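Residue strings, one per chain:
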Amino acid sequence: MSERSALSDADRKLTRIRVPFVIGQVLVLIGLLVAGLGPLLWLLKAAISPTQDSVRSPLAWFPSGEVQWGNLSTAWQQGHIGYYLGNTAIIAAGSALASLIVCTTAGYVLSVLRPRWGAVLSGAILATLFVPHIVSLVPLYLTVLKVPVVHANLTNTFWAVWLPPAASAFNVLIVKRFFDSIPREYFEAARIDGAGALRVFTSLVLPLSRPILGVVLLLSIISSWKDYLWPLLVLTNPDLQPVSVALPKIAKVTELNIQLAGLFLALLIPVLLFLVFQRAFLRGVGLSGGIKA
Amino acid sequence: MLFALPVLLVFLVFSWGPIVKGLVMSLQQTNLIDPVKWVGLENFRYVLSDPAVGQASLNTLWFTLLALLFGFPVPLLLAMFLSELRGRSWLYSTLAYLPVITPPVVAILLWRFFYDPSPGGMFNSILGSVGLGPFLWLDSPSSAMPSIVLEATWAGAGNAVIIYLAALTSVRTDLYEAAELDGAGVVRRVWHVMLPHLRSVLLLMLLLQIIGTMQLFTEPLLFTGGGPQGATTTILLLIYNYAFVNGDYGAATALSVLLALALAVVSAVFQLATRGWSTE
């Protein structure tokens, strides 16, 4: 069976279809270049422009003829963008790791070990998908302020941004679904060979599910990289704040060219990460649509 | 069961616990200083009589409506078009996804600059070259919300494009072949095969978009702080103000519960109204 879509190969040879289709392709490509890449390229230009150039004629190509490469290093050092990016990286890495631990072990319990109470657990996790996050924003904040039983105050510690995102029903669900697709014979064979539950988990399930773990990792890194409200609430100490929380404050006190250089630096890493892992990203998003459907 | 421990602990403390606590707190008076007092429905009465809540509700609905008008058709048409491409479609989807990758704070601060209301501002000088404007964008109560919607649509459209594209890859190709043998032209193949296949994803995305847009927060906070004249104060911004500016956690959770109830009603009505359409 040949790969096809609404247009068949025969259609594509017809002039009355081919010509509008090619024109359409060009127009859509131009539109996407302007809307998708345009703002980012403009930011790159503005990041190395003097303030007056960006303000007076934002569309011109270096109207004063001056290129200020120094903006980037000023933003990096005096604006401490480098430092805040470091915080962001620590936050993203920690929350990704916490998410991975939670969703792989949960997926393993629900999909492979299948205890009798598994259905209850799975139902309780699924139910949280239907409760809007907003109900728990304020109580979650108070929880982090004083964790039940241990009475620890997690604000101004990275735990406050690492742990709550790990309670993601969505991650548990996609990992469980992936584990479900591993042939049961593998587990039986491993058990006959004398492997315990831990051994099956670490040397069979985890290596086999590398693709889905990559997707979870990427999606959780990107979502914690994008987060603003939560770190704003729980990390009031500027030394711990991620770049997303720091940027609006920097914007208030620095000159525009340094501000824009800071924005560019903050954008660079996610975009590079995306371009490198582009396939995994787009697959992850497509997957998420499939799951929700 | 040692393996269930992480998920149990994390969900108990950070998911199930706060949900229950939120419901309880909406019936209490808490400001973290005085002892907690049980006040029954007092918080709800207070919130419902606050004129700011009425305006915030209207603002939020207005945002949701605009976001659907702007943000729903474009990704759909784009995805339908891209699904016909052979070979270079990765380039198109990568470009469409770039805004989604942009951290919201970066995007907002950048767009705030684009929205400079002076005639020399970015958007004003582009529109000025074809004789339009200058517009006040974020500085006028009537155009502030549409401006926020425009940025939010730019930031979110790529996500929907990728999800529709993924859904379209699973159309059974023999349906197209059958339609073609029956003499259906391209337009009818799109209308009778492609769109029906997307129906369940479309309905779901519609619902998710409504739920998502009703929880708008970062954009109004960073673009306008809720102004001008309260024109962009959303419910979530009000909840934030109740809790973290005024320290009235009871009112904040009461409003959260009301919003959650509204979302639940919207989902339920939506599910009922579309039952029967969503299965192929």
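Note that the coordinates shown come from a computational prediction; the quantities given were computed from them, not determined experimentally.

(A) Quick look at the pattern of salt bridges. A full pass over the atoms with the stated rule returns 2 salt bridges over all chains. The shortest N-O distance in the salt bridge between K176 of chain A and D180 of chain A comes to 3.0 Å. With a gap of 4 residues between them, K176 of chain A and D180 of chain A both fall in helix 9 (residues 169–180), about one helical turn apart. For K176 of chain A, a relative accessible area of 22% translates into the label partly exposed. R45 of chain B is the salt-bridge partner of E42 of chain B, the closest N and O atoms lying 3.1 Å from each other. A residue pair is termed a helical-turn pair when its members lie 3 or 4 positions apart in one helix, as E42 of chain B and R45 of chain B do in helix 2 (residues 42–49) at 3 residues. Residue R45 of chain B is classed as exposed on the basis of its relative accessible area, which comes to 53%.

(B) Seen up close, the domain arrangement of chain A. All names here are of chain A. Examined at the domain level, chain A breaks down into domain 1 (11–67) and domain 2 (74–289). A C-alpha centroid distance of 34 Å is found between domain 1 and domain 2. The interface of domain 1 with domain 2 comprises 11 residues on the first partner and 9 residues on the second. A combined buried area of about 770 Å² lies between domain 1 and domain 2, and 80% of that area is made up of carbon and sulfur atoms. Counting across the interface, domain 1 meets domain 2 through 0 salt bridges. Applying the counting criterion to the domain 1 and domain 2 interface returns 2 residue pairs in polar contact (both at pLDDT 80 or more).

(C) Broad picture of the packing of aromatic side chains. Summed over all chains, the structure comprises 26 aromatic pairs over all chains. Both rings, one in Y83 of chain A and one in Y84 of chain A, keep their centres 5.9 Å apart while their planes meet at 75°; by these two values the pair is edge-to-face. Seen from their ring centres, Y46 of chain B and Y242 of chain B are 6.2 Å apart, and the 50° between their planes marks the pair as tilted. Linking Y46 of chain B in helix 2 with Y242 of chain B in helix 12 (residues 235–245), this pair joins segments that are 196 residues apart in sequence. On the basis of relative accessible area, Y46 of chain B is assigned to the partly exposed category, the value being 38%. The class of Y242 of chain B is buried, set by a relative accessible area of 4%.

(D) Quick peek at the packing of helix 9 of chain A against helix 12 (residues 210–226) of chain A. Residue and element names in this part refer to chain A. Put simply, helix 9 and helix 12 touch, their axes get as near as 10 Å, and they point 170° apart. Comparing their axes, helix 12 and helix 9 come out roughly antiparallel. For the pair formed by helix 9 and helix 12, the contact residues are F170, N171, I174, V175 and F178 on the first element and P211, I212, V216 and L219 on the second. Residue composition of the contact of helix 9 with helix 12, grouped by class: 8 nonpolar, 1 polar and no charged.

(E) Representation of the nonpolar core. Residues L247 of chain A together with Y97 and Y164 of chain B are the most contacted members of the largest nonpolar core, which totals 101 residues. Counting residues per element, this core draws most heavily on helix 8 (residues 141–168) of chain B, which supplies 12 residues. Split by domain, the residues of this core number at least three in each of domain 1 (11–67) and domain 2 (74–289) of chain A. Beyond its immediate stretch of four places on either side in the chain, L247 of chain A contacts I81, G262, L263 and A266 of chain A together with V105, V106 and L109 of chain B. Residues V109, F158 and V205 of chain A together with V47 of chain B belong to the second largest nonpolar core, which totals 90 residues.

(F) Geometry of the UniProt feature "transmembrane region" (unreviewed entry) in chain B. Residues and elements named next belong to chain B. Mapped onto this numbering, the UniProt entry gives "transmembrane region" (unreviewed entry) at residues 61–82, 94–114, 150–170, 190–208, 220–243 and 249–273. End C-alpha atoms of residues 94–114 are separated by 23 Å, and the span's content is 90% helix alongside 0% strand. Here residues 150–170 is 90% helix and 0% strand, with 31 Å between the C-alpha atoms at its ends.

(G) Molecular detail of the interface of chain B and chain A. Contacts between the two partners involve 86 residues from chain B and, on the opposite side, 99 residues from chain A. Summing both partners gives a buried area of about 8,000 Å² for chain B against chain A, and 80% of it is carried by carbon and sulfur. Looking only at chain B, the three residues that lose the most surface to chain A are F3, F14 and R86 of chain B, adding up to 10% of its buried area. Here chain B is connected to chain A by 5 residue pairs in polar contact (both at pLDDT 80 or more). The element best represented in the side of chain B that touches chain A is helix 1 (residues 5–25) of chain B, accounting for 14 residues.

The rules behind the values
Residues numbered from 1 in each chain as written. Chains lettered and ligands numbered in written order. Predicted model: local features only at pLDDT ≥ 70, side-chain atom pairs only at ≥ 80, totals over all residues. Heavy atoms only, no water. Salt bridge = Lys/Arg side-chain N within 4 Å of Asp/Glu carboxyl O. Helix = DSSP H or I, 4+ residues; strand = E, 2+ residues; numbered from the N terminus. Buried < 20%, exposed > 50% of the residue type's maximum accessible area, 1.4 Å probe, protein only. Domains from an automatic or database assignment. Contact = heavy atoms within 4.5 Å. Buried area = accessible area lost by both parts, 1.4 Å probe. Polar contact = N/O pair within 3.5 Å; in protein donor to acceptor, adjacent residues only side chain to side chain. Phe/Tyr/Trp six-rings, centres within 6.5 Å; stacked < 30°, edge-to-face > 60°. Axes fitted to C-alpha atoms, helices over the stretch in contact; angles between N-to-C directions. Parallel < 35°, antiparallel > 145°, perpendicular 65-115°, else oblique. Nonpolar A, V, L, I, M, F, W, Y, C, P; charged D, E, K, R; others polar. Core = buried A, V, L, I, M, F, W, Y, C linked by side-chain atoms within 4.5 Å. UniProt positions renumbered as here; feature names shortened; annotations may be inferred.

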